[in-house]
Every structure is written in C-alpha cells, then in structure tokens.
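# Understanding the architecture of this molecule
Single-letter residue listing:
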Amino acid sequence: MRLVFVGAPGVGKGTQAKRLEQQFGWTVVATGDLLRAAIAQQTTLGRQAQAYIQRGELVPDSLVNDLVAERIRQLDSFILDGYPRNLSQAETLETMLDSPLDAVVLFDLDEDRLIQRLSGRRVCPACGAVFHIVANPSQRGEQCDRCEAQLVVREDDKPETIRNRMRVFREQTEPLVAFYEERGLLRRVCADGTPDEVYQRLLEAIHTT
Ligand code: AP5
C-alpha cells in the first residue's frame, strides 16, 4: 500500500499513520519528524531547515524532495505523512514512483479543534512519543510514560507559529485536494471524534475492512 496523508497541522495525521504502521507494517515516512531529527543532530540539512520550521514556513522543496526520494526508494509500502505539501512536491513525487499511489487521505477538522489539539500536544524529545494533555495524557503527567523523559511543547506549537502554519496550509497545501481529486485518488476522512473512531473511518476509506 502506498498512501499519502494530507491535512492541516494538528489534525492527527501522525497519530493515525502510526496506527496503520503498527497494524499493517507499512513504513511511515514523516517529513516533519525527519527534519526535527536532523535539527536535533545539527546535520547540514537540519541547520538549513531550522529557521523555516521555527517560523512555520515550508522548508525549500530541494531539501525535502531529496530526503523523501532517499527514504522511499527501497520501500514497497509506505505512508507519506506531511509530504507532498505543495503542487511542486506532488509533481516531483510522481516522478519518484515506479507505480502509482493507492490513495491520498485528506483529514478534515475545523480550525477551533485543530488549535485545541496543537495547544495541548506534548512530545517526548527522547523517544518521539506524542501525547495530548486532555485526549491522550501520559500516565506519568509531564514525563513520558515510555521512557520517563520530561515532555516538551513542540517549538512550532506556539500560538503565533500555529497561525502561520495554518495560513501556509491554506495557501500552499490545499491546492493538492483538486490535484488528487482529478486523479481519482482522494479519500476524505472526518477527523473529529476519538482516535479510535477516526481510525475506523480511515480503514473504511482505504478499503481495508
Ligand atoms: P509536521 O511535523 O508534518 O507538522 P504538521 O503537518 O503541521 O502536522 P503536525 O505534526 O503538527 O500534526 P499531525 O496532523 O501529525 O497531528 P498529531 O497526530 O501530532 O511539519 C512541521 C514542519 O516541518 C512544517 O511546518 C514545515 O516547516 C516542515 N515540513 C514538514 N514537511 C514538509 C514538506 N513536505 N515540505 C516543506 N516543509 C515541510 O496530533 C496532534 C495532537 O492531537 C496530539 O497531541 C495528539 O495526541 C492529538 N490527537 C490526535 N488525534 C486526536 C483525536 N482524534 N482526538 C483528540 N486528540 C487527538
């Protein structure tokens, strides 16, 4: 299975992608996670990407395209979480694939709920686990219940950066909806409700049930 996940910041793409990976073994390629790992390691890519992420802007296509091409080359099944994010990346992705995508899942949620999800998110800087202070709290409070590290707020989850990420999504990523609709690949999933409810809808949308 070759899937692309599209949706506004905080809609739950990462949460749902990890569930599919656990159930079916399809590898999640999440460009945000790869870029944050590069920043943490202060690689050349990480140093180039850092300022864009801090401002909530897209990292230049040339950096992200290479990163994805390298990751998916050996994979038969994958879930692209957060890539492509504009039309140019979508066109580049088509040139990378030797067989077409199976589906592009668009997660829908209203902006008030997106902000609730982003403002309550806590992440583990050590193992990458993602929590929410209300919907999915760590059993250890402000510590990760997997590895006990102190949880943090993602640097781009500050209110002013969230606003910019929403604007970038509307202006640069939403045109992908028409692009993939024309190709008959788009599947809409309502992202309201519990993670279990959303996951059930996702399975139906990609016809695995
Ligand atoms: P990225 O990391 O991809 O951020 P994003 O797309 O803004 O998405 P998020 O990770 O914020 O949210 P999500 O939809 O995965 O939600 P999650 O599951 O965590 O990208 C970050 C930055 O990197 C970009 O701004 C850009 O600078 C750069 N970048 C990345 N890709 C790029 C590209 N292709 N080109 C250029 N630049 C790129 O859930 C959110 C919260 O809600 C969590 O707390 C979770 O526990 C909770 N939650 C999840 N589901 C539910 C539910 N059903 N009910 C209640 N709470 C829920």
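What counts as what
- Residues numbered from 1 in each chain as written.
- Predicted model: local features only at pLDDT ≥ 70, side-chain atom pairs only at ≥ 80, totals over all residues.
- Heavy atoms only, no water.
- Helix = DSSP H or I, 4+ residues; strand = E, 2+ residues; numbered from the N terminus.
- Rg over C-alpha atoms; globule rule 2.2 N^0.38 Å.
- Buried < 20%, exposed > 50% of the residue type's maximum accessible area, 1.4 Å probe, protein only.
- Contact = heavy atoms within 4.5 Å.
- Areas by Shrake-Rupley, 256 points an atom, 1.4 Å probe, with all protein chains shown as cover.
- Lys, Arg positive; Asp, Glu negative; His and termini not counted.
- Charge placed at Lys NZ, Arg CZ, Asp CG, Glu CD.
- Near = heavy atom within 4 Å.
- Polar contact = N/O pair within 3.5 Å; in protein donor to acceptor, adjacent residues only side chain to side chain.
- Nonpolar A, V, L, I, M, F, W, Y, C, P; charged D, E, K, R; others polar.
- Axes fitted to C-alpha atoms, helices over the stretch in contact; angles between N-to-C directions.
- Left-handed = near helix turned anticlockwise from the far one by under 90°.
- Pairing = 2+ DSSP bridges.
- Salt bridge = Lys/Arg side-chain N within 4 Å of Asp/Glu carboxyl O.
- Core = buried A, V, L, I, M, F, W, Y, C linked by side-chain atoms within 4.5 Å.

This part takes up the overall build of the protein. Counting its regular elements, the protein contains nine helices and seven strands. What you see for the protein is a C-alpha radius of gyration of 16 Å, in line with the 17 Å of a compact globule of 209 residues. Overall size of the protein, expressed as C-alpha extent along the three principal axes, is 45 × 40 × 30 Å. Scored against the burial criterion, the 209 residues of the protein give a buried share of 45%. Pairs at least 24 apart in sequence give 66% of the contacts found in the protein among residues at least 6 apart. For the protein, the computed accessible surface area is about 10,800 Å², with 47% contributed by carbon and sulfur atoms. Charge-centre separation for the protein: the mean point of 26 positive side chains lies 4 Å from the mean point of 31 negative side chains.

Quick look at the site of the ligand now. Taken together, 34 residues lie near the ligand, and Thr15, Glu57, Arg85, Arg121 and Arg165 sit nearest. One nitrogen or oxygen atom from the side chain of Lys13 is found 2.9 Å from an oxygen atom belonging to the ligand. The separation between a nitrogen atom of the ligand and a polar main-chain atom of Val59 is 3.0 Å. Contact with the protein chains covers 95% of the free accessible surface of the ligand, which is 1,000 Å². Those elements that provide at least two residues to the shell around the ligand are helix 1 (13-24), helix 2 (31-40), helix 6 (111-119), strand 6 (130-132) and helix 9 (195-205). For the shell around the ligand, the element with the highest residue contribution is helix 2, accounting for four residues. Residues of the shell around the ligand, tallied by class, amount to 14 nonpolar, eleven polar and nine charged.

For the pair helix 2 and helix 3 (residues 44-55), the least separation of the axes is 8 Å and the interaxial angle reads 115°. Helix-helix and strand crossings are classified by hand; for helix 2 and helix 3 the assignment is left-handed. Contacts between helix 2 and helix 3 involve Leu35, Ala38 and Ile39 from the former and Leu45, Gly46, Ala49, Gln50 and Ile53 from the latter. Residues that form the contact of helix 2 with helix 3 fall into these classes: six nonpolar, two polar and no charged.

On to the sheet that holds strand 2 (residues 27-30). With respect to topology, five strands assemble into an open sheet ordered 2-3-1-4-7, the strand pairing being parallel. Unpaired on one side and paired on the other, strand 2 and strand 7 (186-190) mark the two borders of the sheet. Ignoring strand direction, the axes of neighbouring strands in this sheet form an average angle of 25°.

Evaluation of the coordinates by the stated rule reveals 16 salt bridges. A salt bridge links Arg2 to Asp98; the nearest nitrogen and oxygen atoms lie 3.5 Å apart. Taken together, the residues span a long stretch of sequence, with Arg2 in strand 1 (residues 2-7) and Asp98 in the loop between helix 5 (87-96) and strand 4 (103-108) at a distance of 96 residues. Of the residues examined, Arg2 reaches a relative accessible area of 10% and is grouped as buried. In this structure, Glu142 and Arg122 form a salt bridge, with 3.9 Å as the shortest nitrogen-oxygen distance. Placement of Glu142 in the loop between strand 6 and helix 7 (159-173) and of Arg122 in strand 5 (residues 121-123) is noted, with a sequence separation of 20 residues between them. Ionic contacts of the salt-bridge type, sharing partners, join the residues Arg121, Arg154, Asp156, Asp157 and Arg165 into one network.

Membership of the largest hydrophobic core comes to 57 residues, with the highest contact counts inside it found for Phe5, Leu20, Leu80, Leu93, Leu101, Phe107 and Tyr180. Once residues lying within four places of it in the same chain are set aside, the contact partners of Tyr180 are Pro84, Ala90, Leu93, Leu101, Val104, Leu185 and Leu186. Within the second largest apolar cluster, six residues are counted, among which are Cys124, Phe131, Cys144 and Ala149.

Structural measurements only, silent on function.
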